[in-house]
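Architecture at a glance
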Amino acid sequence: MEKPVRTVDEYLHYLEGKGFHFQEDAIGFIYFGKQYTNASDELINSAIEITLKAQKTFDGSFYVSLLETLVSSKIQTRNAALKFVKERELVAM
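Residues numbered from 1 in each chain as written. Predicted model: local features only at pLDDT ≥ 70, side-chain atom pairs only at ≥ 80, totals over all residues. Heavy atoms only, no water.

Thoughts on the overall build of the chain
Check the secondary structure of the chain and you find five helices and zero strands. By the compact-globule yardstick of 12 Å for 93 residues, the chain fits well, its C-alpha radius of gyration being 12 Å. By its C-alpha atoms, the chain is 35 × 30 × 25 Å across when sized along the principal axes. For the chain, the proportion of its 93 residues judged to be buried stands at 35%. If you take every contact in the chain between residues at least 6 apart in sequence, the share linking residues at least 24 apart comes to 57%. Approximately 6100 Å² of the chain is accessible, and the part contributed by carbon and sulfur atoms is 50%. (Helix = DSSP H or I, 4+ residues; strand = E, 2+ residues; numbered from the N terminus. Rg over C-alpha atoms; globule rule 2.2 N^0.38 Å. Buried < 20%, exposed > 50% of the residue type's maximum accessible area, 1.4 Å probe, protein only. Contact = heavy atoms within 4.5 Å. Areas by Shrake-Rupley, 256 points an atom, 1.4 Å probe, with all protein chains shown as cover.)

So, the packing of aromatic side chains
Throughout the structure, instances matching the rule amount to four aromatic pairs. On the numbers, 5.9 Å between centres and 75° between planes, the contact of phenylalanine 22 with phenylalanine 58 is edge-to-face. Separated by 36 residues along the polypeptide, phenylalanine 22 in the loop between α1 (8-17) and α2 (24-37) and phenylalanine 58 in the loop between α3 (41-55) and α4 (60-72) bring together distant segments of the chain. You can call phenylalanine 58 buried: its relative accessible area is 16%. (Phe/Tyr/Trp six-rings, centres within 6.5 Å; stacked < 30°, edge-to-face > 60°.)

Here we look at the nonpolar core
Generally speaking, nonpolar side chains in soluble globular proteins are found buried as a group. Core analysis: the biggest nonpolar cluster contains 26 residues, and Phe22, Ile30, Ile44, Ile48, Phe58, Tyr63 and Leu70 have the highest contact counts within it. Looking at this core, the elements with two or more residues in it are α1, α2, α3, α4 and α5 (78-87). With six residues, α3 is the single largest residue contributor to this core. Not counting residues within four places of it along the chain, the set of residues in contact with leucine 70 comprises Leu43, Ala47, Ile75, Ala81 and Phe84. (Core = buried A, V, L, I, M, F, W, Y, C linked by side-chain atoms within 4.5 Å.)

What follows is the structure in structure tokens.
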């Protein structure tokens, strides 16, 4: 059974519980990207995850660029996002 998609707030709280602490500017980038791209919470969370794995820290400009690319490529799910970045070698994961 698939686990339910967390909201962006729930996902950020989950990550903080895992030891990732986001500065105010990072939170701002996350919500700016959400509003700018009108992406789903699942896609936002996927972009956050990929950004953290690729950069080892949160890089706001990388995140927004990645999110724009995923949205313009009509990627809608976490699995599709992970597959997309691996196939195009956009990030080393």
